[in-house]
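What follows is the residue order along each chain.
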Amino acid sequence: MSNERNAAGAPSAAEKEARKPKPEARKQSAKQAQAPRPDAAKKAESAGGSTGGRTGNQRRPDQPPARKPKIGDTRPAPPPVDAGGRRSDGRAGSDGRAGEGGSATGGRRRRRRRGGGNRSGQKSRQPAVVEAVTYDEPVELDEKSLKGRRGRTRKGQALGRYLMCVHVSKQATQIAVLEGRRLIEFRVSRPADEISQIHGNIYLGRVQNVLPGMETAFVDIGTPKNAVLYRGDVQYDPDEIEGGRADGDQVKPRIEELLKPKQSILCQVTKNPIGEKGARLTQDVSLAGRFVVLVPNSTGFGISKRLPDGERRRLRSILEKVKPDGHGLIMRTAAEKVTAAEIERDVVRLLRQWKDIEKLAKSSAAPALLYREPEAPLRLIREELNTDYRGVIIDDQDLYSKASGYISSIIPPLADRVEFYDPGEQDLPLFERYYVTEQLKKALEPKVWLPSGGSLIIEHTEALTVVDVNTGKNVGKSSLEETVLANNLEAADELARQLRLRDIGGIIVVDFVDMEVAANRAQVTKRFREALARDKTRTQVLDISGLGLMEMTRKRSGEGLLESLSDICSDCSGRGFRLLADLID
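Residues numbered from 1 in each chain as written. Predicted model: local features only at pLDDT ≥ 70, side-chain atom pairs only at ≥ 80, totals over all residues. Heavy atoms only, no water.

A few words on the overall build of the protein chain. Counting its regular elements, the protein chain contains 16 helices and 26 strands. Within the span of the protein chain, comprising 585 residues, buried residues form 35% of the whole. Pairs at least 24 apart in sequence give 62% of the contacts found in the protein chain among residues at least 6 apart. In the structure as shown, the protein chain presents an accessible area of about 37700 Å², 49% of it carried by carbon and sulfur atoms. (Helix = DSSP H or I, 4+ residues; strand = E, 2+ residues; numbered from the N terminus. Buried < 20%, exposed > 50% of the residue type's maximum accessible area, 1.4 Å probe, protein only. Contact = heavy atoms within 4.5 Å. Areas by Shrake-Rupley, 256 points an atom, 1.4 Å probe, with all protein chains shown as cover.)

This brings us to a nonpolar patch on the surface. A cluster of nonpolar side chains, namely F577, L579, L580, L583 and I584, defines an oily patch on the protein surface of about 580 Å² accessible area. Take L579: it is sitting in the loop between α15 (561-564) and α16 (581-584). (Patch = residues over 30% accessible without salt bridge, like charges linked within 9 Å, V, L, I, M, F, W, Y side chains within 5 Å. Salt bridge = Lys/Arg side-chain N within 4 Å of Asp/Glu carboxyl O.)

What follows deals with the packing of aromatic side chains. Under the counting rule described, the total for this entry stands at three aromatic pairs. Summarising the aromatic geometry, the rings of Y400 and F420 are spaced 5.6 Å apart at their centres and angled 45° between planes, so their arrangement reads as tilted. Separated by 20 residues along the polypeptide, Y400 in helix α10 (residues 397-410) and F420 in strand β20 (residues 418-420) bring together distant segments of the chain. You can call Y400 partly exposed: its relative accessible area is 21%. (Phe/Tyr/Trp six-rings, centres within 6.5 Å; stacked < 30°, edge-to-face > 60°.)

Time to look at the sheet that holds strand β14 (residues 287-288). One open sheet holds the four strands; their spatial order is β14-β15-β17-β16, and the pairing between them is mixed. Looking at which strands have only one partner, the edges of the open sheet turn out to be β14 and β16 (301-303). Looking at chain direction, strand β15 (residues 292-296) and strand β17 (residues 327-331) are connected through five bridges and run antiparallel. By the bridge assignment, P296 is partnered in β17 with H327. Across the sheet, helix α8 (residues 340-363) lies against β14, β15 and β17, angled at about 35° from β15, the strand it touches most. (Pairing = 2+ DSSP bridges. Axes fitted to C-alpha atoms, helices over the stretch in contact; angles between N-to-C directions.)

Here it is in structure tokens:
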């Protein structure tokens, strides 16, 4: 059979053995494969010079290692490509054809760099935010006008009920307001705080979502938490609403008809974000000056009710002359005895700011900050400073220069009431000099002692704040009812001060000591309301019930004193106690 296969053309065993390569021949062929070809070496020399046996990616022993590219490095421009698709360095052009000695790059294409910059390689600049005016050319006033607005003095020293002390540190700016020597108000402002202290700022926001069931819209204004815009704070033109008017009454459109997701709106912050809640917004924008408040795109005007009738009539005549077309104005309490020229200058400043805000809104993309309120000390001076303040003391040179410039240009009669406190030349820090630190530490404690020996216990909960009034060491002299009444009257005065000092807001329940006589309960309520009248924060107080409980509310505008000066405990998460793991596990 083997002969038949050989005859058919199959190789024999001897032929197969002869065809196998010998070991020496295999080694020689491997060496030939490793040796470079002469024609390839010539091509490499012609393309890139003498290679010295190195490939294109290898480097000389004395050559330093190549530096890795870093962010910010510029990419060199590629060499020009000729008509044949070859670059001047011999490498392949963009069409993938290799030059002589170069390797074809195939279909690799340069990817465009997206975002962050324009075609010239420079970053596009964000338009500057409109800032509140803190300096302007002062209005010339005669000596008679200045004398009537300078306030009372004694032996060259200004007299007043209040004193403002401002301490500046790297961590924060602290503002203390004293009535006599008693601390009645304390504020903390952190530098460049664009997240938690944004009250009064104006934004170009973008609607994220609309909740018809809650009549609420959530708006992105660039803060970590979306801000809240309620249906009652949305501004609209009734003529643009489908259906217009019905039976002579204005149709109340639903919020989903007014706002749509991804819609850009102009809005202003009316309440700072607190805890897990975002900031509250309104579309009823207003710009506050020293003497007037400008309400853009409005037709109404008003005058502060705290002014006497004669002064209100004078300001009304001035208001008719300076009121701008298409905008509303509100005369503030600080406009008392102010000349028409100063009021007109204030209106011009606010109109200029509003035009800048409108111009910035047209060139900005939502979300964007359009207008920023001044820092806390200047804002408090603008809102509060009057002849009732005997002085403003600041221990920072830069802030003193800003405050002095603002007061000298906007409120010239009170320019001599701002003072610089040099910590380097004084024996004690500013807050220790005026006993602020000592009173501040007491304000952080839950127990407050009353002059006659009674006490207040102030406790905070998630839903409300509870205040318990105790007689404590107050044992009285004549009868129990008189002792309880005197103790409750002291508690009413001190509680009004503590609410303002600790900046307590929301629902507040006060448990006064029980009083049998209804007239005594009415007297305590009246005393408490009179004490609250000095607080500019809006409050609502109900009468004392038969159980001796008083319910009230105080507008919450920001975090309280305790929250601004403390952190949540990492062990108990703010609950005040730790669970015993041995008994639970």
